[in-house]
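Remarks on the overall topology
This is what each chain is made of:
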Amino acid sequence: MSYRALVTRPVLVWSAVAVTGRLPVAMAPLALVFLVREQPGGYSYGAVLAAAYVLGEIVGAPVLGMRMRAERARPQLVAGLVAGAVGFLGVGLWPGAHPAVLCALAALAGGGPAAVPGGLRALLTGMVPETSVTQAMSWESVLTFGIWAAAPALTTGLALAVDPALPLLLAGTAMALSATGLRLLPAGWATGPQERGAAVRRALLAAWPVYLMGAGALTLLALAELMLPALLEQRGIGIGWAGPLLAGFSAGSAVGAFLYGLRGRWPGRLPAQSVLLTLGVTAGVALVAVLPGAAGIGPALAGAGLLMAPAILTRNLMLRQVLPPSALAAGYSVMYAAVGAGYALSGTLAGGLLKVAAPSTAILYGVTLTVLLTLAGALGERRVAGRGDGRADRRVDGRAAGVQPETVAPERKVRR
């Protein structure tokens, strides 16, 4: 199937809802730093607010994702976006509040809508034919990486040229618009028979290799983003190159997501694809650590980005194989929390390593950690993938026997 199958009114509306809902997420950490950089504590205070935001995401995603009901997801998604809007607007309108209050509002901004990305992904894949799921998820990645490429420049420009609070006010307004747009989309998605809570939890726990490899992939992203300025200084390159180089990484990821979706099926099983793609990203980041100039670092980062998006896509496609349909939104949310935890852990690791090692050496240590996580996930995934293939085979057998598929249902059932 081609991307033409996605050019429908529901998917276009979904795209607008996703962009307005995810732009605030991409803007948040940098916007919080700029908001308080001239207050006592400066950048350290901003880092604390950003940490509170990320902690809210990590805690909120699995907790709220587990509570999401597929057939009535819209009210929960709206509530999450409204909570996020309140958090962002509160921080932006009250920047001089007590630090504890600002941390609480930042945590609300991160935690309230933390299950929304997973719910929106499940909603999107429920609106398209099964044969277009890969293209739909690739399109989602194109939007996501495009947003992440544009958000830093937008946030910096508004904060420095207009007002430090404006990026957060814009983020809150965008989340409110996203909540309003959800009224134009289906109320939920069809799943067939509902799994009991204990069964869902067991399925989510059994998918740990998928989450582990997802966290490993984001470890590489954290290494590229957080250590690049220090690496440029070590190489004697102007630190102003960090922005364009990272934009090239995000642009490469958007291109990679688009290219992956052009072909419905790629050679090899999803676990093998994921391992190879992650190791390719690892090689690109390792080259960044050893190449001497911006002329080499730029293409290495862009190449790593080109493979990063397909690596993440294979993780999400694997979840569709190993989880029952009723647990997909929760699985996506747990993945969101896992990659957030991997990013936060990498940031902490990077800060510690930079105290005892050169930036290039610290990056290579991080690359080694990613390789170990990838191998551990691959070993565990062999068992999980086997169960997923069995589930997929049972669905095919059911269709052959005339049984209604579990994951595909007419849209009118979803709307009821």
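Here the structure is a predicted model, which means the values were calculated and not measured.

On a plain count of helices and strands, the protein comes out with 15 helices and 0 strands. Counting all 416 residues of the protein, 52% fall into the buried class. Looking at the protein alone, contacts between residues at least 24 apart form 84% of all its contacts between residues at least 6 apart.

So, on to the packing of aromatic side chains. Using the criterion set out here, one finds 3 aromatic pairs in the structure. Aromatic pair Tyr53 and Phe88: ring centres 6.0 Å apart, planes at 50 degrees, arrangement tilted. With Tyr53 in helix H2 (residues 42-67) and Phe88 in helix H3 (residues 73-93), the pair connects residues that are 35 residues apart, well separated along the chain. For the ring pair Tyr260 and Trp266, a centre distance of 5.7 Å and an interplane angle of 15 degrees mean the geometry is stacked. According to the relative accessible area criterion, Tyr260 is buried, its value standing at 7%.

Below, the discussion takes up the packing of helix H9 (residues 208-235) against helix H11 (residues 270-290). Two elements in contact, H9 and H11, have axes separated by 10 Å at closest approach and are oriented at 10 degrees. Our classification of the angle between H9 and H11 gives roughly parallel. Every residue of H11 that contacts H9 at Met213, Leu220, Leu231 and Arg235 is listed here: Ser274, Val275, Thr278, Val281, Thr282, Val285, Val288, Ala289 and Val290. Taken together, the residues that form the contact of H9 with H11 break down as 9 nonpolar, 3 polar and 1 charged.

Moving on, we get to the nonpolar core. Counting 106 residues, the largest nonpolar core has Trp14, Tyr211, Ile297, Leu319 and Leu323 as the members making the most contacts within it. In terms of residue count, H9 provides more of this core than any other element does, 12 residues in total. Core analysis: the next-biggest nonpolar cluster, separate from the first, contains 5 residues, Leu23, Ala26, Ile147 and Ala151 among them.

Now for the pattern of salt bridges. Tallied over the entire structure, the rule returns 4 salt bridges. Close ionic contact of Arg22 with Glu140 constitutes a salt bridge, the shortest N to O distance being 2.8 Å. Here Arg22, found in helix H1 (residues 9-36), pairs with Glu140, found in helix H6 (residues 133-161); they are 118 residues apart in sequence, far enough to count as distant. Take Arg22 and Glu140: they sit in the same class, and that class is buried. Notably, a salt bridge pairs Glu130 with Arg320, separated by 2.9 Å at the nearest N-O pair. Note that Glu130 is positioned in the loop between helix H5 (116-127) and H6 and Arg320 in helix H12 (residues 294-322), a separation of 190 residues in sequence. Judged by its relative accessible area of 41%, Glu130 is partly exposed. Relative accessible area serves as the criterion here: at 13%, Arg320 is assigned to the buried category. Through salt bridges with shared partners, one network takes in Arg22, Arg121 and Glu140.

Averaged over every residue, the pLDDT of the protein is 82; the share at 70 or more is 90%. For the protein, helix H15 (residues 411-415) is the element with the lowest average pLDDT, namely 34, and helix H7 (residues 166-181) is the one with the highest, namely 96. In the model, residues 388-416 has pLDDT below 50 throughout and makes 35 contacts with residues more than four positions away in sequence or in other chains.

Relative to the elements of secondary structure, Ser250 occurs in helix H10 (residues 242-262). Non-local contacts of Ser250, meaning those with residues more than four positions away in its chain, are made with Phe145, Trp148 and Ala149.

A separate point is the packing of H1 against H3. Contact geometry for H1 and H3: axes closest at 12 Å, N-to-C directions at 25 degrees. Accordingly, the angle class assigned to the pair H1 and H3 is roughly parallel. Viewed along their axes, H1 and H3 form a crossing whose handedness is left-handed. Touching Gly21, Pro24, Ala28, Leu32 and Leu35 of H1 are Leu81, Phe88 and Val91, all from H3.

A word on the environment of Val19. In this fold, Val19 is placed in helix H1. Spatially, the C-alpha atom of Val19 lies 9.5 Å from that of Gly146, the residues being 127 residues apart in sequence. In contact with Val19, other than residues within four places in its own chain, are Leu143 and Ile147.

Quick look at the environment of Leu77 now. For Leu77, the position within the fold is in helix H3. Considering only alpha carbons, one finds Leu77 and Gly188, 111 residues apart in sequence, at a separation of 9.9 Å. Sequence-distant contacts of Leu77, defined by excluding residues within four places in its chain, comprise Met68, Ala115, Val116, Gly119 and Leu182.

All right, on to a nonpolar patch on the surface then. Taken together, the side chains of Val255, Phe258, Leu259, Leu262 and Leu306 present a nonpolar region at the surface, about 400 Å² in accessible area. Of the residues forming the nonpolar patch, the biggest block, 4 residues, is contributed by H10. Owing to a relative accessible area of 32%, Leu306 belongs among the partly exposed residues under this scheme.

Calculation rules
Residues numbered from 1 in each chain as written. Predicted model: local features only at pLDDT ≥ 70, side-chain atom pairs only at ≥ 80, totals over all residues. Heavy atoms only, no water. Helix = DSSP H or I, 4+ residues; strand = E, 2+ residues; numbered from the N terminus. Buried < 20%, exposed > 50% of the residue type's maximum accessible area, 1.4 Å probe, protein only. Contact = heavy atoms within 4.5 Å. Phe/Tyr/Trp six-rings, centres within 6.5 Å; stacked < 30°, edge-to-face > 60°. Axes fitted to C-alpha atoms, helices over the stretch in contact; angles between N-to-C directions. Parallel < 35°, antiparallel > 145°, perpendicular 65-115°, else oblique. Nonpolar A, V, L, I, M, F, W, Y, C, P; charged D, E, K, R; others polar. Core = buried A, V, L, I, M, F, W, Y, C linked by side-chain atoms within 4.5 Å. Salt bridge = Lys/Arg side-chain N within 4 Å of Asp/Glu carboxyl O. pLDDT = per-residue confidence, 0-100. Left-handed = near helix turned anticlockwise from the far one by under 90°. Patch = residues over 30% accessible without salt bridge, like charges linked within 9 Å, V, L, I, M, F, W, Y side chains within 5 Å. Areas by Shrake-Rupley, 256 points an atom, 1.4 Å probe, with all protein chains shown as cover.

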